[in-house]
Amino acid sequence: MNFYLTTFENVTGLPELFAYIFIFIFGAAIGSFLNVVIHRVPNEESIVFPNSACPNCKKSIKPYDNIPILSWMILGGKCRNCKNPISPRYPAVELLTALLFVLVFWQIGLNAFLPVALIFVTATIALIFIDAENMILPNVITYPLLAFALLIRLIFPLVFDVSYFSDFKIFPLNQMGNYPLWATSLFGAILGGLLGGGSLWLVGEIWKRLRGVDAMGLGDVKMMFGVGALLGWQLTLLSIFLGAFSGAIIGIFLISRQKDKDMQTQIPFGIFLGIGSIISLLFGEQLVRWYFLMFVP
Ligand SMILES: [Zn+2]
């Protein structure tokens, strides 16, 4: 996915630094929109109307008090009207989105895959924070993510280059030279989706049979269908591995701090799958290459 089409400097004549500043501001604005999504989507509220309001006094927030990251700092983390504290989660989501956008641009560059990666990361951040707060991964995000992934896998081989999709280089896609590129790409998407969603579904089923509890929500399964379709089977396995690994570390930490040892600790696994997926999208190919260099003789 490191196929550079052009550079920002070639297009505009401005130094690359401007591109990073622009993408940071753009990311912060998207993060501001994500705050609305994270808050309203689980309650099935419109994300367009009404305007943002203070959660305490319900006074609508003026545009000049709604500047990503800055407004929260200027107002000292308080509502201008009622002085009630406003959660630092708002500027944190904005800052995180801005930094991730910078990271995506730095890693992927100015090419046709850049908007795809930014949309993927945006949807994943929404899923991570909604899962953290509500323990759900809403269909209104996971279904469009899957549809988007399939569409991209179909369109990109027709219009652009296929070098964005790393699974073209590996089995079984690298054996499909007789088929049109779009068919190969779509096959890779379905394979990745089935592996991502299917493997989680299987783990959930086995756990349900053994322990009699629903450990894995179907939201995780749907989410990984979409992730798998875009990333292909290898990077999807890596996403799940990274997710399970980080989830297990946090899980053990939480269980060790838990007083009542009999209580079931529910861990919103979507958070870790989301983090794993973003790492895979950005650094997956390097990680896989490094793994084979280090551990496979
Ligand atoms: Zn207020």
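What counts, and at which threshold
- Residues numbered from 1 in each chain as written.
- Predicted model: local features only at pLDDT ≥ 70, side-chain atom pairs only at ≥ 80, totals over all residues.
- Heavy atoms only, no water.
- Donors = N, O, S within 2.8 Å, 3.2 Å for Na, K, Ca; no water.
- Tetrahedral: all angles 85-135°; square planar, octahedral: opposite > 155°, others 65-115°.
- Helix = DSSP H or I, 4+ residues; strand = E, 2+ residues; numbered from the N terminus.
- Buried < 20%, exposed > 50% of the residue type's maximum accessible area, 1.4 Å probe, protein only.
- 1 Å grid on protein atoms, 1.4 Å probe; cavity = no way out; pocket = protein on both sides within 12 Å on 5 of 7 lines; lining within 4 Å.
- Points joined across faces, edges and corners; volume = space filled by probe spheres on them.
- Nonpolar A, V, L, I, M, F, W, Y, C, P; charged D, E, K, R; others polar.
- Expected span 1.5 Å × (residues − 1).
- Contact = heavy atoms within 4.5 Å.
- Patch = residues over 30% accessible without salt bridge, like charges linked within 9 Å, V, L, I, M, F, W, Y side chains within 5 Å.
- Areas by Shrake-Rupley, 256 points an atom, 1.4 Å probe, with all protein chains shown as cover.
- Salt bridge = Lys/Arg side-chain N within 4 Å of Asp/Glu carboxyl O.
- Core = buried A, V, L, I, M, F, W, Y, C linked by side-chain atoms within 4.5 Å.
- Phe/Tyr/Trp six-rings, centres within 6.5 Å; stacked < 30°, edge-to-face > 60°.
- Lys NZ or Arg CZ within 6 Å of the ring centre and 35° of its normal.

## A short note on the coordination of the zinc ion
Okay, step 1: Protein-derived coordination of the zinc ion comes from C54 (SG), C57 (SG), C79 (SG) and C82 (SG), at a distance range of 2.3 to 2.4 Å.
Okay, step 2: For the zinc ion, the four donor atoms in the first shell make angles of 106 to 115° at the metal, a pattern classed as tetrahedral.
Okay, step 3: Here the donor residues of the zinc ion are spaced in sequence according to C-x2-C-x21-C-x2-C. Taken together, the residues C54 in the loop between helix 2 (16-40) and helix 3 (70-74) and C79 in the loop between helix 3 and helix 4 (89-108) connect sequence positions 25 residues apart.
Okay, step 4: Judged by its relative accessible area of 7%, C79 is buried.

## Examining the layout of surface pockets
Okay, step 1: Its volume calculated, the second largest pocket comes out at about 820 Å³.
Okay, step 2: Forming the boundary of the second largest pocket are 38 residues, of which S52, A53, C54, P55 and I61 lie nearest the centre.
Okay, step 3: Those elements that place two or more of their residues in the lining of the second largest pocket are helix 2, helix 3 and helix 4.
Okay, step 4: The leading source of residues in the lining of the second largest pocket is helix 2, at five residues.
Okay, step 5: In the lining of the second largest pocket, the residues fall into 17 nonpolar, 12 polar and nine charged.

## Looking at unusual backbone geometry
Okay, step 1: Across the junction of F49 and P50, the peptide omega takes the value -15°, indicating a cis bond.
Okay, step 2: The residue after F171, namely P172, is reached through a cis peptide bond having omega 0°.
Okay, step 3: With respect to the helices and strands, the residue P172 is situated in the loop between helix 6 (139-159) and helix 7 (181-211).
Okay, step 4: Of note in this structure, E44 is not a glycine but carries a positive phi near 55°.
Okay, step 5: Relative to the helices and strands, E44 resides in the loop between helix 2 and helix 3.
Okay, step 6: Even without being a glycine, M135 presents a positive backbone phi close to 55°.
Okay, step 7: Summarising the element assignment, M135 is placed in the loop between helix 5 (113-134) and helix 6.
Okay, step 8: Using a relative accessible area of 36% as the deciding quantity, one classes M135 as partly exposed.

## Digging into helix 2
Helical periodicity: at 3.6 residues per turn, an α-helix aligns residues three or four positions apart in one direction.
Okay, step 1: The end-to-end C-alpha distance of helix 2 is 36 Å, a good match for the 36 Å that 25 residues give at a rise of 1.5 Å each.
Okay, step 2: Buried-residue contacts for helix 2 involve helix 1 (8-12), helix 4, helix 5 and helix 6.

## Side note on the environment of G109
Okay, step 1: Considering the arrangement of structural elements, one finds G109 in the loop between helix 4 and helix 5.
Okay, step 2: Residue G109 is classed as buried on the basis of its relative accessible area, which comes to 2%.
Okay, step 3: The sequence separation of G109 and T6 amounts to 103 residues, and the corresponding C-alpha distance is 8.0 Å.

## Thoughts on a nonpolar patch on the surface
Okay, step 1: A surface patch of nonpolar side chains, about 790 Å² in accessible area, is lined by W290, Y291, F292, L293, M294, F295 and V296.
Okay, step 2: By the element assignment, L293 lies in helix 9 (residues 269-295).
Okay, step 3: Here L293 falls in the exposed class, since its relative accessible area comes to 71%.

## What about the nonpolar core?
Buried together is how nonpolar side chains tend to be arranged in soluble globular proteins.
Okay, step 1: The biggest cluster of nonpolar side chains holds 61 residues, and the ones touching the most others in it are V104, F113, I141, F156, L200 and L281.
Okay, step 2: When contributions to this core are tallied by element, the ones reaching two or more residues are helix 2, helix 4, helix 5, helix 6, helix 7, helix 8 (218-257) and helix 9.
Okay, step 3: Among the elements that line this core, the one with the most residues is helix 5, at 13 residues.
Okay, step 4: If we skip the residues at most four places from it in the chain, F156 touches A112, F113, V116, D161, Y164 and F165.

## A look at the packing of aromatic side chains
Okay, step 1: The tally for this structure, following the rule as stated, stands at 14 aromatic pairs.
Okay, step 2: Each ring, one from F156 and one from F165, has its centre 6.1 Å from the other, and the planes form 65°; the classification is edge-to-face. Judged on exposure class, the residue F156 and its partner F165 are both buried.
Okay, step 3: Three or more aromatic residues joined by ring pairs make a cluster, and in this case those are F113, F156, F160, Y164, F165 and F168.
Okay, step 4: Against the face of Y90 rests R89, its NZ or CZ located 5.6 Å from the ring centre.
Okay, step 5: It is R153 that lies over the ring of F165; its NZ or CZ is 4.3 Å from the centre.

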